[in-house]
Amino acid sequence: MSATPLPPPGQAPPPPGPDGAGALPPPPGTDMTGICFRDQLWLNSYPLDRNLVFDYFALSPFYDITCNNESLRSRQIHPLDMSQLTKMTGMEYVLSDVMEPHLFVIRKQKRESPEKSNAMLAYYILDGSIYQAPQLCNVFASRISRAMHHISKAFTVACSKLEKIGNVEAESDAAASESKTQKEAIDLKELKRIDHILSSLKRKIGTAPPPPPYPEGYVPPSAEQEKAPDDVLASEAPPQLDPIIDQGPAKRPRFQ
């Protein structure tokens, strides 16, 4: 009941082979973090627990049939029997962590003795989908690359903002200086225009005419009065009368 490996969410399916079928996955032991496996027919037929999870894992392309677990299966022994696996040397799969029925972690390791084994890869089954866990160095490299990308992008945005601020300040200073120059030029031109108008009017009007003669019966002030101080003349002169208010009846309308 094997099934074609399914790509993880957000990843395109593998390109078709020459016969139109999907491309074969890489051999077990290589980097297969870009694919996942899920057999919905098997999941609908059998429960996913610690007793049957290895049979489900053996259907995936992550399984290596040269492992010691396959030898136990051929002898009708449970493939995860540690009492039998510790007696053998070579590559094997062990169930390291279990959270039934959602999560199962299977570790691939190479056994050298009953007490010594070296971990190679790890696989996890999450809600029926099997994935290869990435190595720690690849996780660090991916996180560092992502952090460097965001830092570089932040510096690029900051530089663009600073350039815009500098351009705006330069443009404002240039505009201010230009407007000031234009204003000074306009004021000078206006001043010259007014001087030209006044000089032309003065030429047209000519010199002031002589004052008219005094009317008959009018006695001009004497020379002594003309030589009197201004304050004395001002104190002796009668106050001027309003020709409308102080003479004759009021001619302005009154409002109650």
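Residues numbered from 1 in each chain as written. Predicted model: local features only at pLDDT ≥ 70, side-chain atom pairs only at ≥ 80, totals over all residues. Heavy atoms only, no water.

- As annotated in an unreviewed UniProt entry, the chain is Mediator of RNA polymerase II transcription subunit 6 from Urochloa decumbens.
- If you open the UniProt record of the chain and go to Sequence similarities (unreviewed entry), you find "Belongs to the Mediator complex subunit 6 family."
- Checking UniProt for the chain, the heading Subcellular location (unreviewed entry) contains the comment "Nucleus". (UniProt positions renumbered as here; feature names shortened; annotations may be inferred.)

1. Quick notes on the pattern of salt bridges
Oppositely charged side chains are able to pair whenever their charged atoms sit close together.
Okay, step 1: Taken as a whole and assessed by the stated rule, the structure comprises five salt bridges.
Okay, step 2: Across the pair Lys116 and Glu112 runs a salt bridge, and its minimum N-O distance is 3.5 Å.
Okay, step 3: Judged by relative accessible area, which is 44%, Lys116 ranks as partly exposed.
Okay, step 4: The partly exposed category is assigned to Glu112, whose relative accessible area is 42%.
Okay, step 5: A single salt-bridge network, built from bridges that share partners, covers Asp55, Glu70 and Arg73. (Salt bridge = Lys/Arg side-chain N within 4 Å of Asp/Glu carboxyl O. Buried < 20%, exposed > 50% of the residue type's maximum accessible area, 1.4 Å probe, protein only.)

2. Topic: the side chain of Ser60
Okay, step 1: Considering the arrangement of structural elements, one finds Ser60 in the loop between helix H2 (53–57) and helix H3 (68–74).
Okay, step 2: Here the side chain of Ser60 touches Phe57 through a polar contact of 2.6 Å, landing on its backbone oxygen.
Okay, step 3: Excluding its chain neighbours within four sequence positions, the residues that come into contact with Ser60 are Phe37 and Ile130. (Helix = DSSP H or I, 4+ residues; strand = E, 2+ residues; numbered from the N terminus. Polar contact = N/O pair within 3.5 Å; in protein donor to acceptor, adjacent residues only side chain to side chain. Contact = heavy atoms within 4.5 Å.)

3. A few points about the nonpolar core
Okay, step 1: Grouped together as the largest cluster of nonpolar side chains are 22 residues, with contacts concentrated most on Leu48, Tyr56, Phe57, Tyr93 and Ile125.
Okay, step 2: Among the elements of the structure, helix H1 (40–45), H2, strand S2 (90–99), strand S3 (103–111) and strand S4 (117–126) are those that each provide at least two residues to this core.
Okay, step 3: Here this core takes four residues from H2, the largest share from any one element.
Okay, step 4: Once residues within four sequence positions are removed from consideration, Ile125 is found in contact with Leu48, Val53, Tyr56, Phe57, His102, Leu103, Phe104, Ile106 and Ile130. (Core = buried A, V, L, I, M, F, W, Y, C linked by side-chain atoms within 4.5 Å.)

4. So, unusual backbone geometry
Okay, step 1: With an omega of -5 degrees, the peptide bond running from Glu100 to Pro101 counts as cis.
Okay, step 2: Here Pro101 lies in the loop between S2 and S3.
Okay, step 3: If you check the backbone angles, Gln76 has positive phi at about 60 degrees while not being a glycine.
Okay, step 4: Inspection of the secondary structure assignment puts Gln76 in the loop between H3 and helix H4 (82–85).
Okay, step 5: Look at Gln76 and you get exposed, because its relative accessible area is 74%.

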